[in-house]
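# Overview (structure and organization)
Spelled out from the first residue to the last, the chains are:
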Amino acid sequence: MTRPTKVSGFLSATAASFDPSLMLVMCGALALCVPGFYLVRKLRDSPACAEGFDVPSGKTTDAKLMTGGALFGAGWGLGGV
């Protein structure tokens, strides 16, 4: 994840230099996080350092959210992170 050529190869899915190896990293992270979050929510009433879990109730995706996500991603991309 710290080598720009590796990240660029992953993000260029249509190019000959496509490198899907970072997908394994993401799938591994999801394989740990999804069951972990499920178990924590089922087994505990509240987190260790708060009075309760703060889960957003909104399920809609509006233009404000999409614009913020696009600006955040563009900032990271332009910053070279």
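Refer to the structure presented above.
Now for a quick tour of the structure. By convention here, each chain's residues receive numbers from 1 onward along its written sequence. With the structure being a predicted model, the display of local features is reserved for residues of pLDDT at least 70 and the display and counting of side-chain atom pairs for 80 or more, all residues being used for whole-chain, interface and lining totals. Note that water and hydrogens are dropped before the side-chain values are worked out from all heavy atoms of the structure.

## A look at a nonpolar patch on the surface
Filter applied, for reference: Put simply, a patch holds well-exposed residues, over 30% relative accessible area, that have no salt bridge, with like charges counted together within 9 Å and Val, Leu, Ile, Met, Phe, Trp or Tyr side chains within 5 Å. The protein chains shown are the only cover counted for residues, whose accessible areas, like all others here, come from Shrake-Rupley with a 1.4 Å probe. Any carboxyl oxygen of Asp or Glu that lies within 4 Å of a side-chain nitrogen of Lys or Arg is treated as forming a salt bridge with it. Segments assigned H or I by DSSP are reported as helices when at least four residues long, segments assigned E as strands when at least two residues long, and all are numbered from the N terminus.
Together, F18, M23 and M26 make up a nonpolar patch on the protein surface, roughly 260 Å² of accessible area in all. Looking at the element boundaries, M23 is found in helix α2 (residues 21–43).

## Points about the packing of helix α1 (residues 4–11) against α2
To be explicit about the condition: The angle between two axes is taken between their N-to-C directions and runs from 0 to 180 degrees, where each axis is a line fitted to C-alpha atoms and a helix contributes only its stretch in contact. Here is the rule for angles: anything less than 35 degrees is roughly parallel, anything more than 145 is roughly antiparallel, 65 through 115 is roughly perpendicular, and the remaining ranges are oblique. Any pair of residues with heavy atoms lying within 4.5 Å of one another is described as a contacting pair. Three residue categories are used. Nonpolar comprises Ala, Val, Leu, Ile, Met, Phe, Trp, Tyr, Cys and Pro, charged comprises Asp, Glu, Lys and Arg, and polar comprises the others, including Gly.
Two numbers describe how α1 lies on α2: the axes approach to 8 Å, and their chain directions differ by 85°. One element, α1, and the other, α2, form an angle in the roughly perpendicular class. Contacts between α1 and α2 involve K6, V7 and F10 from the former and S21, L22, M23 and M26 from the latter. Residues that form the contact of α1 with α2 fall into these classes: five nonpolar, one polar and one charged.

## Considerations on the environment of K6
Here K6 is to be found in helix α1. The spatial distance from the C-alpha of K6 to the C-alpha of F18 is 9.0 Å, given a sequence separation of 12 residues. Apart from residues lying up to four places away in sequence, K6 is in contact with D19, S21 and L22.

## Brief notes about the packing of aromatic side chains
Note the following rule: To pair, rings of Phe, Tyr and Trp, with the six-membered ring standing in for Trp, must have centres within 6.5 Å; the planes then decide the type, stacked if under 30 degrees apart, edge-to-face if over 60, and tilted in the middle. Think of it in three bands: residues with accessible area under 20% of the maximum for their type are buried, residues over 50% are exposed, and the middle band is partly exposed, with areas taken using a 1.4 Å probe on protein chains only. By definition here, charges over rings are those cases where NZ of Lys or CZ of Arg is within 6 Å of the ring centre and within 35 degrees of the ring normal.
Within this structure, the stated rule accounts for two aromatic pairs. On the numbers, 6.5 Å between centres and 25° between planes, the contact of F10 with F18 is stacked. For F18, a relative accessible area of 32% puts it in the partly exposed group. Stacked on the ring of F53, the Lys or Arg R41 has its end atom at 5.6 Å from the ring centre.

Note that every value here comes from positions in space, so none of it alone points to a role or purpose.
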